[in-house]
Amino acid sequence: MPECPELHLAGRFINGACGALVFAGGVERSAVGRGPEVPFRSEAYGISAIARGKELRLTLSALDPAAGPPAQDLVFRFGMSGSFRLCPAAELPRHAHLRFLTRESPPRALCFVDPRRFGSWRLGDAWQPERGPCVVSEYQAFRENVLKNLEDRAFDKPICEVLLNQKYFNGIGNYLRAEILYRLKIPPFEKARTVLEALKEREQERRKKDPSMTLSKKVKLRQENPDLLELCHSVPMEVIMAEKQLLDPEHPDNYSSFKNWLQCYLVPGMSSLRDRSGRTIWFQGEPGPMAPKGQRPRKAPRKKSPQLKAEPETPSPKVTPRAPKQRRRAAAKPPRLEEQEVKEEQEVKEEQEEQAARPRKGRARGRRTVSAAPASPEVPQSVRRSRRTSARRGTGAAPAV
């Protein structure tokens, strides 16, 4: 899940929590971490961080540059579950694949934790060359990079797929693309070039109408009527500005606030489809002309509101006294329990019907076994009658000699 907001918040956390700490020794790596050993060791060093899109760079700097080793940079990708935590060294969390120990007593550890092990790190300060400008920290460069490259074949794809292309939308991920498209009511499978060329034309018209427009008026106009590229910046900023009010999985109350902030992604009543890369896109309304063929949009089930539930009907006086006891008891139970029992009874009934429809293999084998056994020869009916008659006659008294 980590996207641009999570990476920026991780960098803010490291700089805030570790800015005054002194680290010492070498960097510990787990045996299964997806990254190289870190050849850095110092008796006293500090750690700082900076995020760009979906990458985070960590810099290890000796406090005494003259006596210590040269600075070491590490660039992290968080994958699906990566994060940084600061905890006591004696209580390391599971899946802590890289650990930086403090010089205090007892020591603490800054850990890169990644349960699913999709995250990784590499040595050096270089960002991935195929990634474009960050949608948050390099907004103007990001905007220009998109608009001047609309002839690229990448924009022949649906807009929902192009939003995951880190060459142009560095930092946008699955939940952000759903929220951005939903707010603008753009079908996810509309052609990307069609959407962005219209945006470019509208921007040119704005400049022609009032070339002397002040910066404050431009900002106000964009806030009132933002376009797709502007939302690629402002929507992640909403999460970053809210900070722990939205993103803090260790505190369920705060994490539930993030779920309430979501308007489209995983929201009940929204539709979903898998794009051509296998990722699920959530949306509302029509999917668009480039939707994958052979798929039907699936809807997330809506939560039933207890206020909308009808009151249970009172038993009719026409009910006979032979009605089952379970029904009489169910009428007196709360609606939730009653509904749950009805569902369970329906499931049991369906299972019984399925079992009744299946061939009864055990009995069939028994019948076949009996029929396969050798049978006595069939006796004609007339012979059986004569035998019964003779038997009755034989029960009388013996004839006199």
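The paragraphs below set out a description of the structure included in this document. (Residues numbered from 1 in each chain as written. Predicted model: local features only at pLDDT ≥ 70, side-chain atom pairs only at ≥ 80, totals over all residues. Heavy atoms only, no water.)

### So, the overall build of the protein
Okay, step 1: Across its full length, the protein holds 12 helices and 11 strands.
Okay, step 2: Partitioning the intrachain contacts of the protein with sequence separation of at least 6 by distance along the chain shows that 65% fall at a separation of at least 24.
Okay, step 3: Of the accessible surface of the protein, which amounts to about 25,800 Å², a share of 52% is contributed by carbon and sulfur atoms. (Helix = DSSP H or I, 4+ residues; strand = E, 2+ residues; numbered from the N terminus. Contact = heavy atoms within 4.5 Å. Areas by Shrake-Rupley, 256 points an atom, 1.4 Å probe, with all protein chains shown as cover.)

### Focus on the pairing of strand E9 (residues 271-274)
On a regular strand, one side chain projects to one face of the sheet and the next to the other, so that they alternate.
Okay, step 1: Two strands pair when backbone bridges link them, and E9 and strand E10 (residues 280-283) are joined in this way by four bridges, in the antiparallel orientation. The residue bridging Ser-271 from the neighbouring strand is Phe-283, located in E10.
Okay, step 2: By the bridge criterion, two bridges tie E9 to strand E11 (residues 298-299) in an arrangement that is antiparallel. Following the sheet pairing, Ser-272 is matched in E11 by Arg-298. (Pairing = 2+ DSSP bridges.)

### Side note on the pattern of salt bridges
Okay, step 1: In this structure the tally under the stated criterion is 11 salt bridges.
Okay, step 2: The closest approach of N and O atoms between Glu-161 and Arg-276, which form a salt bridge, is 3.5 Å. Of this pair, Glu-161 sits in helix H3 (residues 159-162) while Arg-276 sits in the loop between E9 and E10; the two residues are 115 residues apart in sequence, bridging distant segments of the chain.
Okay, step 3: Relative accessible area serves as the criterion here: at 13%, Glu-161 is assigned to the buried category. (Salt bridge = Lys/Arg side-chain N within 4 Å of Asp/Glu carboxyl O. Buried < 20%, exposed > 50% of the residue type's maximum accessible area, 1.4 Å probe, protein only.)

### Focus: unusual backbone geometry
Okay, step 1: Along the chain, Ser-105 connects to Pro-106 via a cis peptide bond; the corresponding omega equals -5°.
Okay, step 2: Tracing the backbone through its elements, the reader meets Pro-106 in the loop between strand E6 (96-102) and strand E7 (108-113).
Okay, step 3: Phi angles above zero are rare outside glycine, and His-95 is one such case at about 65°.
Okay, step 4: Turning to its location among the elements, His-95 is positioned in the loop between strand E5 (83-88) and E6.

### Describing helix H7 (residues 228-242)
Okay, step 1: With 15 residues, H7 extends 21 Å between its outermost C-alpha atoms, agreeing within 8% with the 21 Å of an ideal straight helix rising 1.5 Å per residue.
Okay, step 2: With a side-chain oxygen positioned 3.1 Å from the backbone nitrogen of Leu-229, the residue opening H7 is Asp-227.
Okay, step 3: Two residues or fewer after H7 comes Glu-243, characterised by a positive phi angle close to 50°. (Expected span 1.5 Å × (residues − 1). Polar contact = N/O pair within 3.5 Å; in protein donor to acceptor, adjacent residues only side chain to side chain.)

### Concerning the packing of aromatic side chains
Aromatic ring pairs are reported here in terms of the distance separating the ring centres and the angle at which the planes meet.
Okay, step 1: Taken as a whole and judged by the stated rule, the model has 15 aromatic pairs.
Okay, step 2: With centroids separated by 6.0 Å and ring planes inclined at 55°, the aromatic side chains of Phe-78 and Phe-84 adopt a geometry described as tilted.
Okay, step 3: Given a relative accessible area of 3%, Phe-78 falls into the buried group.
Okay, step 4: On the basis of an interplanar angle of 70° and a centroid distance of 5.7 Å, the ring pair of Phe-142 and Phe-169 is categorised as edge-to-face. One end of the pair, Phe-142, is in helix H2 (residues 139-147); the other, Phe-169, is in the loop between H3 and helix H4 (174-184), with 27 residues separating them in the sequence. In terms of burial, Phe-142 and Phe-169 fall into one category: buried. (Phe/Tyr/Trp six-rings, centres within 6.5 Å; stacked < 30°, edge-to-face > 60°.)

### Observations concerning the environment of Val-38
Okay, step 1: Locating Val-38 in the fold gives a position in the loop between strand E1 (23-29) and strand E2 (41-52).
Okay, step 2: As a C-alpha pair, Val-38 and Asp-73 span 35 residues in sequence and 9.5 Å in three-dimensional space.
Okay, step 3: Those residues in contact with Val-38, other than ones at most four positions away along the chain, are Val-27, Leu-60, Gln-72, Leu-74, Leu-98, Trp-121 and Leu-123.

### Let's talk about the sheet that holds E1
Okay, step 1: With antiparallel pairing, eight strands are arranged side by side in an open sheet as E5-E7-E6-E1-E2-E3-E4-E8. This sheet does not close on itself; its edge strands, each paired only once, are E5 and strand E8 (120-123). With strand direction ignored, the average angle separating the axes of adjacent strands in the sheet is 30°.
Okay, step 2: Pairing geometry for strand E4 (residues 72-77) and E8, over four bridges, is antiparallel. Bridging from a neighbouring strand, Arg-77 pairs with Ser-120 of E8.
Okay, step 3: Those strands touched by helix H1 (residues 4-18) are E1, E2, strand E3 (55-62), E5 and E7, and its axis lies near 145° from that of E2. (Axes fitted to C-alpha atoms, helices over the stretch in contact; angles between N-to-C directions.)

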